[in-house]
Amino acid sequence: LIVWVVVELRKVDLAGSQSDLGLIPGGKVKLIHSSSIDLIDKFFRKDVLTLGLPETMNIKFFPQDSNHFVIGTDIGILTHGTRYGLIEPPVQYTSLHSKLRPSKVTAIDFSPFAVPAFLAGCTDGCIRLHTMSAEYPVMQWNDTTGGQPIIALQWSLTRPTLFFVLDAASSIHIWDLLQNDLQPIAKESITSDQVLSMSVFGEPEKKQ
């Protein structure tokens, strides 16, 4: 994990810079390499490393405390890490199954409502709802996408129980846990083009 710091310059040199070779002439913003963290040695348990080095698929920072982050891997587990200081348990988040699953964690999204919880989506279509304080998910849904890999998922910015899931077949699954906590309440399939990403908009102060 490489941490960069964005710095805005007070003075602008139209001729560019001899030391900051990445700074364009007249540029006001530059990147400074702050630190590097070895994820394998620091945040993975020894029993996981006996299976081989896991691949880091994605990373997401806790919105209420940017010191904490969660890493998604290619062996179905998520690892809890910090940029500095001690790590509060649990160190890892696993599925409800006792053994490591072969699926990859392809999407992570934290709740934007000051709740220490996050969603994780996997290549086998599994969705997991985790809290930061427990290793196993409070809820887990298998095969809700018909086995299609999950490309992205995102929490609603206006309703705490609403979230959206995009699968590899370009279908968006809409969940509302207040209405149904077993399956999506709606599905929208897009057949004209392949959907590669999605983004949810909204104003948190407007509950719509």
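Up top you'll find the structure we're talking about.
Throughout what follows, the structure given in this document is the object of discussion.

The rules behind the values
Residues numbered from 1 in each chain as written. Predicted model: local features only at pLDDT ≥ 70, side-chain atom pairs only at ≥ 80, totals over all residues. Heavy atoms only, no water. Phe/Tyr/Trp six-rings, centres within 6.5 Å; stacked < 30°, edge-to-face > 60°. Helix = DSSP H or I, 4+ residues; strand = E, 2+ residues; numbered from the N terminus. Buried < 20%, exposed > 50% of the residue type's maximum accessible area, 1.4 Å probe, protein only. Pairing = 2+ DSSP bridges. Patch = residues over 30% accessible without salt bridge, like charges linked within 9 Å, V, L, I, M, F, W, Y side chains within 5 Å. Areas by Shrake-Rupley, 256 points an atom, 1.4 Å probe, with all protein chains shown as cover. Salt bridge = Lys/Arg side-chain N within 4 Å of Asp/Glu carboxyl O. Axes fitted to C-alpha atoms, helices over the stretch in contact; angles between N-to-C directions.

### So, the packing of aromatic side chains
- In this structure the tally under the stated criterion is eight aromatic pairs.
- The structure contains a cluster of three or more aromatic residues connected by ring pairs, namely Phe62, Tyr93, Phe110 and Phe118.

### As for the side chain of Thr79
- Inspection of the secondary structure assignment puts Thr79 in strand 5 (residues 78-82).
- The exposure class assigned to Thr79 is buried, which follows from its relative accessible area of 0%.

### So, the sheet that holds strand 6 (residues 92-93)
- Spatially, the four strands line up as an open sheet ordered 3-4-5-6, and their pairing is antiparallel. At either margin of the open sheet sits one strand with a lone partner, and together these are strand 3 (56-61) and strand 6.
- Strand direction decides the pairing type here: strand 3 and strand 4 (residues 68-73), joined by five bridges, are antiparallel. Within strand 4, the residue paired with Lys60 across the bridge is Val70.

### Some details on a nonpolar patch on the surface
- Residues Ile2, Trp4, Val6, Val29 and Leu31 make up a contiguous nonpolar surface patch of roughly 540 Å² in combined accessible area.
- Of all the secondary structure elements, the ones that give two or more residues to the nonpolar patch are strand 1 (2-8) and strand 2 (29-36).
- The element that contributes the greatest number of residues to the nonpolar patch is strand 1, accounting for three residues.
- Relative accessible area serves as the criterion here: at 51%, Ile2 is assigned to the exposed category.

### Examining the environment of Ser199
- When you line up the elements, Ser199 lands in the segment after strand 14 (186-189).
- Taking the C-alpha atoms as reference, Ser199 lies 20 Å from Ala114; in sequence the two are 85 residues apart.

### Things to note about the sheet that holds strand 13 (residues 171-176)
- Strand order in this open sheet of four strands is 11-12-13-14, and the pairing throughout is antiparallel. The open sheet has two edge strands with one neighbour each: strand 11 (150-155) and strand 14. Here the strands of the sheet are splayed against their neighbours by 15° on average, with no regard to which way each runs.
- As paired elements, strand 12 (residues 162-167) and strand 13 share five bridges and run antiparallel to each other. Paired with Leu166 across the bridge in strand 13 is Ile172.

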